[in-house]
Structure formats: structure tokens, C-alpha cells
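# Examining the three-dimensional arrangement
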Amino acid sequence: MHDRAWQVPEEAFAAAWNASASLDEATERVKELAGGKQVPRWAVLARAAALRKAGRVMKELRPATAA
């Protein structure tokens, strides 16, 4: 299940991440890009961290807070 975050093309993943307001929203977007299959938040966060380490600009996201 965790590899689904890596099956999304890098450009699409980065666009989804950078267009999101929270980690939860980014996870939902990546889930949609992965064909609606479950994608764990930790895997989305890990891929974003790997892309940052590789030099890609990824905005800072925080988990959504309960209102």
C-alpha cells in the first residue's frame, strides 16, 4: 500500500502536494491520483521528504487541525 505514493508521477505528486493546504488534503489528492486506492499519510510525507532531499521545492504542510 505504501508504494502507491511512489506510483504517482513525480510532477503530478509535486503539483498535488504544493496545491494542498494540509497533509490530509495532500493525502486525499495523491489518493485520487493513485486511482482512489488507499495511500497512507506517512508514505505521502516520506515521498515529499525524498523529493525535497533531491532538490525539488515542496511547500511546508502541517496536519489538519480539528476545529
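Details of the structure are given in the entry above.
Right, let's walk through the structure included here. This is a predicted model, so every value here is computed, not measured.

### Quick look at the packing of aromatic side chains
Within a pair of aromatic rings, the relevant descriptors are the distance that separates the centres and the angle that separates the planes. Tallying each qualifying case throughout the model produces one aromatic pair. Ring centres of Phe-13 and Trp-17 lie 6.4 Å apart, and the angle between their planes is 15°; this geometry places the pair in the stacked category. You can see Phe-13 and its partner Trp-17 sitting in helix α2 (residues 10–18), four residues apart, about one turn around the helix. Of the two residues, Phe-13 and Trp-17, both sit in the buried class. In this arrangement the basic side chain of Arg-47 is found over the ring face of Phe-13, its NZ or CZ atom lying 4.8 Å from the centre.

### What to know about the side chain of Arg-47
For Arg-47, the position within the fold is in helix α4 (residues 41–53). This buried residue, Arg-47, is left without a salt bridge; Glu-10 holds the nearest opposite charge, at 5.0 Å. Beyond its immediate stretch of four places on either side in the chain, Arg-47 contacts Ala-5, Trp-6, Val-8, Pro-9, Glu-10 and Phe-13.

### With respect to the side chain of Ser-20
Its location among the elements puts Ser-20 in the loop between α2 and α3 (23–33). For Ser-20, a relative accessible area of 0% gives the class buried. Within polar-contact distance, the side chain of Ser-20 engages the backbone oxygen of Ala-16 at 2.7 Å. A distance of 3.4 Å separates a polar atom in the side chain of Ser-20 from the backbone nitrogen of Ala-26.

Basis of the calculations
- Residues numbered from 1 in each chain as written.
- Predicted model: local features only at pLDDT ≥ 70, side-chain atom pairs only at ≥ 80, totals over all residues.
- Heavy atoms only, no water.
- Phe/Tyr/Trp six-rings, centres within 6.5 Å; stacked < 30°, edge-to-face > 60°.
- Helix = DSSP H or I, 4+ residues; strand = E, 2+ residues; numbered from the N terminus.
- Buried < 20%, exposed > 50% of the residue type's maximum accessible area, 1.4 Å probe, protein only.
- Lys NZ or Arg CZ within 6 Å of the ring centre and 35° of its normal.
- Lys, Arg positive; Asp, Glu negative; His and termini not counted.
- Salt bridge = Lys/Arg side-chain N within 4 Å of Asp/Glu carboxyl O.
- Contact = heavy atoms within 4.5 Å.
- Polar contact = N/O pair within 3.5 Å; in protein donor to acceptor, adjacent residues only side chain to side chain.

That is the geometry; function is a separate question.
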